[in-house]
Amino acid sequence: MMKCTRCEKEFTFKFLNVQQWLKETKLDSEQLSFLLYHYGGPLCDECLADFKSSFYASGVNPAMAVPKSRQ
Ligand SMILES: [Zn+2]
């Protein structure tokens, strides 16, 4: 099990490593660097879907970042 760095929910990580996961997500480089900078690791399927659909909808949405209180 792995803990999602965004919602802190536990989820099944079915990849060998983060590199493989990143390849599978098919995120572009901008999304990738944002994700790694703000979350530092894999997200659960829900958060990933959310991340993908909202990333370009409103530019980089500050609400996507981890709140300071949780860091
Ligand atoms: Zn999540």
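Since the model is a prediction, treat every value here as computed from it, not as a measurement. Along each chain, the written sequence defines residue order, and numbers are assigned to residues from 1. Reporting of local features is limited, given that this is a predicted model, to residues whose pLDDT is at least 70; pairs of side-chain atoms are given and counted only at 80 or more, and all residues count toward the totals for whole chains, interfaces and linings.

Notes on the overall build of the chain
The test is simple: Secondary structure follows DSSP: runs of H or I at least 4 residues long count as helices, runs of E at least 2 residues long count as strands, and numbering of each begins at the N terminus. Any residue whose C-beta has 12 or fewer other C-beta atoms within 10 Å is treated as exposed, any with 20 or more as buried, and any in between as partly exposed, C-beta atoms being built from the backbone. Here, residue contact means that the backbone-derived C-beta atoms of the two residues sit within 7 Å.
When helices and strands are tallied, the chain shows 3 helices and 2 strands. Residue burial in the chain is summarised as follows: out of 71 residues, 8% are buried. For the chain, long-range pairs separated by at least 24 residues make up 57% of all intrachain contacts whose partners lie at least 6 apart in sequence.

Brief notes about unusual backbone geometry
At glutamate 8, a residue that is not glycine, the phi angle is positive and equals roughly 65°. Within the secondary structure, glutamate 8 sits in the loop between β1 (2-3) and β2 (10-11). The exposure class of glutamate 8 is exposed, given the 10 C-beta atoms found within 10 Å. Its identity as a non-glycine residue notwithstanding, lysine 26 has a phi of 55°, on the positive side. Within the element layout of this structure, lysine 26 appears in the loop between α1 (18-25) and α2 (29-38).

Let's talk about the environment of glutamate 30
Looking at where glutamate 30 falls in the secondary structure, it is placed in helix α2. Note on glutamate 30: 11 C-beta atoms within 10 Å, which makes it exposed. A sequence separation of 25 residues divides glutamate 30 from phenylalanine 55, and the C-alpha atoms of the two residues are 9.7 Å apart.

Comments concerning the environment of threonine 25
Along the chain, threonine 25 falls in helix α1. With 17 C-beta atoms packed within 10 Å, threonine 25 lands in the partly exposed category.

Structural notes on the environment of glycine 40
As for its position among the elements, glycine 40 is in the loop between α2 and α3 (45-55). Given 10 C-beta atoms within a 10 Å radius, glycine 40 is considered exposed.

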